[in-house]
Amino acid sequence: MPLSISRDRLVALLDAGRGRRITVVGDAMLDVYLRGDVDRISPEAPVPVVRVRERKHALGGAANVAQNVVAAGARCDLVAAVGADRGAEVLRTMLDAIGAAPDGLVQVDRPTTTKTRIVARAQQVVRVDEEDDGDLAPEEIARLLDAVRRTVAAADALVLEDYNKGVLVARVIREAIDTARSRGIPVIVDPKYRNFFQYHGATVFKPNRRELEAALGAAVDLEHPEALPETFRRLGVDYLLLTLGEQGMALLAADGPIRRVPTAAREVYDVVGAGDTVTAYLATTLAAGGTVAEAAVVANYAAGVEVAKLGAATVSPDEILAAYDDSQQDLAPRDRVV
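Every chain's residues receive numbers from 1 upward, in the order its sequence appears when written. With pLDDT at 70 or above as the cut-off, local features in this predicted model cover only qualifying residues; side-chain atom pairs require 80 or more to be listed or tallied, and sums for whole chains, interfaces and linings still use all residues. Side-chain metrics in this entry use all non-hydrogen atoms of the structure; hydrogen atoms and water are not considered.

Let's talk about the sheet that holds strand 2 (residues 28-41)
Just so we agree on the cut-off: One bridge is not enough; two strands pair if DSSP finds at least two bridges between them. Strands are runs of DSSP state E lasting at least 2 residues, helices are runs of H or I lasting at least 4, and numbering of each runs from the N terminus. A fitted line through C-alpha atoms represents every axis, and for helices the fit uses only the stretch in contact; the resulting angles, taken between N-to-C directions, go from 0 to 180 degrees. Should any heavy atoms of two residues lie within 4.5 Å, those residues are counted as being in contact.
The four strands are arranged 3-2-6-7 in an open sheet whose pairing can be described as mixed. Of all strands in the sheet, those with a lone pairing partner are strand 3 (48-61) and strand 7 (123-130), marking the two edges. The sheet shows a mean angle of 20 degrees between the axes of neighbouring strands, taken without regard to direction. Bridge count between strand 2 and strand 3: 13 bridges; the pairing is antiparallel. Paired with Arg 35 across the two strands is Glu 54, which belongs to strand 3. Strand contacts of helix 2 (residues 62-71): strand 2 and strand 3, with the helix running at about 60 degrees to strand 3, the strand carrying the most contacts. Those strands touched by helix 3 (residues 86-98) are strand 2 and strand 3, and its axis lies near 55 degrees from that of strand 3.

So, the pattern of salt bridges
Put simply, the rule is: For salt bridges, the criterion is a side-chain nitrogen of Lys or Arg within 4 Å of an Asp or Glu carboxyl oxygen.
Applying the stated criterion across every chain yields a total of 22 salt bridges. Arg 20 is paired through a salt bridge with Asp 156; the nearest N and O atoms lie 3.5 Å apart. Pair noted here: Arg 20 is in the loop between helix 1 (7-17) and strand 1 (21-26) and Asp 156 is in the loop between helix 4 (138-152) and strand 8 (157-161), with a separation of 136 residues, a long-range link. Across the pair Lys 192 and Glu 211 runs a salt bridge, and its minimum N-O distance is 3.4 Å. Of this pair, Lys 192 sits in the loop between strand 9 (187-190) and strand 10 (204-205) while Glu 211 sits in helix 6 (residues 209-216), and the two are 19 residues apart along the sequence.

Considering the side chain of Lys 115
Our working rule: Think of it in three bands: residues with accessible area under 20% of the maximum for their type are buried, residues over 50% are exposed, and the middle band is partly exposed, with areas taken using a 1.4 Å probe on protein chains only. N or O atoms closer than or at 3.5 Å make up a polar contact, with two conditions inside protein: a donor-capable atom paired with an acceptor-capable one, and, for residues adjacent in sequence, both atoms drawn from side chains.
The topology assignment puts Lys 115 in strand 6 (residues 114-120). You can call Lys 115 buried: its relative accessible area is 7%. Of note is the side chain of Lys 115, whose polar atom sits 3.1 Å from the side chain of Asp 129. Lys 115 has contacts with Met 29, Leu 30, Asp 31, Val 32, Arg 127, Val 128, Asp 129, Glu 131 and Lys 165, leaving out every residue within four places of it along the chain.

Here we look at a negative patch on the surface
Counted only if it meets this: Candidate patch residues must exceed 30% relative accessible area and have no salt bridge, after which like charges are joined if within 9 Å and Val, Leu, Ile, Met, Phe, Trp or Tyr side chains if within 5 Å. To be clear on the numbers: accessible area is Shrake-Rupley with a 1.4 Å probe, and residue cover counts the displayed protein chains and nothing else. Counting rule applied: Lys, Arg positive; Asp, Glu negative; His and chain ends not counted. Note on charges: their place is set at NZ of Lys, CZ of Arg, CG of Asp or CD of Glu.
Together, Asp 109, Asp 132, Asp 133 and Glu 139 make up a negatively charged patch on the protein surface. Position of Asp 132 relative to the elements: it lies in the loop between strand 7 and helix 4. The exposure class assigned to Asp 132 is partly exposed, which follows from its relative accessible area of 35%.

Observations concerning helix 10 (residues 317-329)
Note the following rule: A helix is expected to span 1.5 Å multiplied by its residue count minus one. To be clear, the arc concerns the directions from the helix axis to the C-beta atoms.
Compared with an ideal rise of 1.5 Å per residue, which puts 13 residues at 18 Å, helix 10 spans 19 Å between its outermost C-alpha atoms and is within 8% of the ideal. Turning to helix 10, its buried residues number three or more, namely Pro 317, Ile 320, Leu 321, Ala 323, Tyr 324, Ser 327 and Gln 328. Taken down its axis, helix 10 places every buried residue within 160 degrees of arc, on the same side. Looking at helix 10, the residues exposed on the side facing more than 90 degrees away from the buried face are Asp 318 and Gln 329. If you follow the buried residues of helix 10, they end up packed against helix 1, helix 2, helix 8 (274-287) and helix 9 (292-306).

A closer look at the packing of helix 2 against helix 8
This is how it is decided: Geometric relationships in this document are graded by angle, where less than 35 degrees denotes roughly parallel, more than 145 denotes roughly antiparallel, 65 to 115 denotes roughly perpendicular, and other angles denote oblique. Helix crossings are classified by the rotation of the near helix relative to the far one: an anticlockwise turn of less than a right angle makes the crossing left-handed, while a clockwise turn makes it right-handed.
Helix 8 packs onto helix 2 with a crossing angle of 50 degrees between their chain directions and a minimal axis gap of 8 Å. Taken together, helix 2 and helix 8 sit at an angle that is classed as oblique. Relative to helix 8, helix 2 is oriented so that their crossing is right-handed. Counted together, Asn 64, Val 65, Asn 68, Val 69 and Ala 71 of helix 2 and Asp 276, Thr 277, Thr 279, Ala 280, Tyr 281 and Thr 284 of helix 8 form the full contact between these two elements.

Next up, the structure:
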């Protein structure tokens, strides 16, 4: 039977999440959008000339998770690496503006990861990435770990947000998880391939199906889960929350049945940022005292709201509650959860 939640319990968890403190450790990025018009082809090369009319900045990567945590009503400490450049200044200003503490941004000897998208007539013409994705230097890791220990000491949950940009190296992963577990707080991981099997001890491990299959080197058959115990042995995590696109999510435990979370999306306009929204609400719901199953349901409603928005957007508790009410109206009386 699909996972569900009552309205009273949903309200209680959303209220309890307000004021909880979440530490997010990972790869913060600055997204830059240059929007304009194309009226001609360049005489220098067969490429369009985009006359820029608008420049917009947005928080990306772990910074987008942080702003979703704040949108959920919780407090957030972001621990990430930035350069000594304009991108870092913009990130700090934007984080400060939304009330996310920028004190955990550690300056390192590399540029701030910046992704610039040039858009014309609602179409992306090109994306320019400015980044160094090698592992941080040992002395930079040491300073980053100082920030991890300081923020996790006051946190109600820890998020590890990996985009393979060199922050979540094995030492950072291990010490962050060990520190969180010593305090008895949940650890939520959004992994990438480079350190996929380094997250032993995490509470919830949240890859998408393609990422998990690529890491395992084999297809994941949810209808015949005989291989799942071996998967859990290799991962060493408590729960696996597998995102399945339009099919919703599947919550797996090493010693339990596969529980489905059907998609809550009514319309899908843009899937960018949906995974960050899911991660943020998993963390805030677990920090509020919810079970992993309840956190998956709440996060699923949040994702359903997010994909109906343009770009990487935030989702408020009021929007989640409205989405829940709408979904209940669509159910037959016997299926409603009150």
